[in-house]
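Residue strings, one per chain:
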Amino acid sequence: ELLFLIYLAFFVSLIFAFRAVSSISLALLLVTGVVKNRVEQKSFFNPNLFNPLVVFCGLLFLLQFVSLLYTNDVHQGWKNIRLKSALIMIPAALCCCDYVNEATRQKLLKWYCLILFAACLYALCYASRRYAATHNSSVLLYHPLVSIYSGHAVQFSILVFISLLHLLEALTKRTIVFTKYADLFL
C-alpha cells in the first residue's frame, strides 16, 4: 500500500533526521490522504480534520502569524513560522483520512519500533567504535550517542518513549507485537 510505505518513509526520516525526506513524506501523506478521501468518500475533507488536536494546533500556528504584527525582527518571525509549520502539517497529515485505524496503527507502530531499534543499535555500534578508537567514555553518554542523527537527545528520547509506551501497552494487554521474548528484549 502506498500510504503504508509513505508512513514508513516518514518514520525513517523522523528517526534518522532526514529533514528533506520528512517534509516530502508529510506532503505526500497529506496529498495521498486527500486523494483517498476523494476516491472513497467523494469529498476532499475528512471529519477527522476537525478533531481538537488539529484545531488547536492550527490555532497555535495562527498565533505565529499574529506575532508578526508586533515583532521587531520580521525575518526571524517568518523563520519561526516556517519551522513551526510542522505544528499543523503533522496532525493534518495524520488525520486527513481514515487510513489509521486500530489494525494499521498496530502495524505502523510495529515497524516504528523496528526502525527505532535499528537506529539505536547503529548509534551504539557507532559509539562503540568511537570508544575503541579514542577510549573516551563520554561518547557513550546520551547526547553524544544520538548526535549522529540530529543532536537533539530530548527529541530522540521522546521517540524512544513512544516506542516503549507501545510495547508496554502491548504487554499490559497481553498482546504480542513481535514475539514474546523479542517484546521483552525491546
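Anything mentioned here points back to the structure above.
Along each chain, the written sequence defines residue order, and numbers are assigned to residues from 1. In view of the model being predicted, local features appear only for residues whose pLDDT reaches at least 70, and side-chain atom pairs are presented and counted only at 80 or more, with totals across whole chains, interfaces and linings using the full set of residues. For the side-chain quantities, the full set of heavy atoms in the structure was used; hydrogens and water were omitted.

J.: Which residues make up the pattern of salt bridges, and what values do they have?
T.: Salt bridge, as used here, is a side-chain nitrogen of Lys or Arg placed within 4 Å of a carboxyl oxygen of Asp or Glu. A full pass over the atoms with the stated rule returns four salt bridges. Glu40 serves as the salt-bridge partner of Lys36, at 2.8 Å between the closest nitrogen and oxygen. Note that Lys36 and Glu40 are positioned in helix 2 (residues 19–41) at a spacing of four residues, about one turn of the helix. The classification of residues rests on relative accessible area computed with a 1.4 Å probe and restricted to protein chains. Under 20% of the type maximum is buried, over 50% is exposed, and intermediate values are partly exposed. Using a relative accessible area of 54% as the deciding quantity, one classes Glu40 as exposed. A salt bridge links Lys173 to Glu169; the nearest nitrogen and oxygen atoms lie 3.2 Å apart. Of the residues examined, Lys173 reaches a relative accessible area of 52% and is grouped as exposed. A helix here means a DSSP run of H or I that spans at least four residues, while a strand means a run of E at least two residues long, and both kinds are numbered starting from the N terminus.

J.: Describe the packing of helix 1 (residues 2–15) against helix 6 (residues 102–134), listing the residues and the values that go with them.
T.: Only the stretch in contact is used when a helix axis is fitted, and all axes are lines through C-alpha atoms; the angle between N-to-C directions ranges over 0 to 180 degrees. At their nearest, the axes of helix 1 and helix 6 sit 10 Å apart, and the two run at 30° to each other. What the angle tells us is that helix 1 and helix 6 run roughly parallel. In terms of crossing hand, the pair formed by helix 1 and helix 6 is right-handed. Residues Phe4, Tyr7, Leu8, Phe11, Val12 and Ile15 of helix 1 form the contact with helix 6, whose participating residues are Lys107, Leu108, Trp111, Tyr112, Ile115, Leu116 and Ala119. A class-by-class count of the residues in the contact of helix 1 with helix 6 yields twelve nonpolar, no polar and one charged. Note on angle classes: values under 35 degrees are labelled roughly parallel, values over 145 roughly antiparallel, values of 65 to 115 roughly perpendicular, and the remainder oblique. With the far helix as reference, a near helix turned anticlockwise by less than a right angle produces a left-handed crossing, and one turned clockwise produces a right-handed crossing. The contact definition used throughout considers only heavy atoms, calling two residues in contact when any of these lie within 4.5 Å. Polar here means any residue other than Ala, Val, Leu, Ile, Met, Phe, Trp, Tyr, Cys and Pro, which are nonpolar, and Asp, Glu, Lys and Arg, which are charged; Gly is therefore polar.

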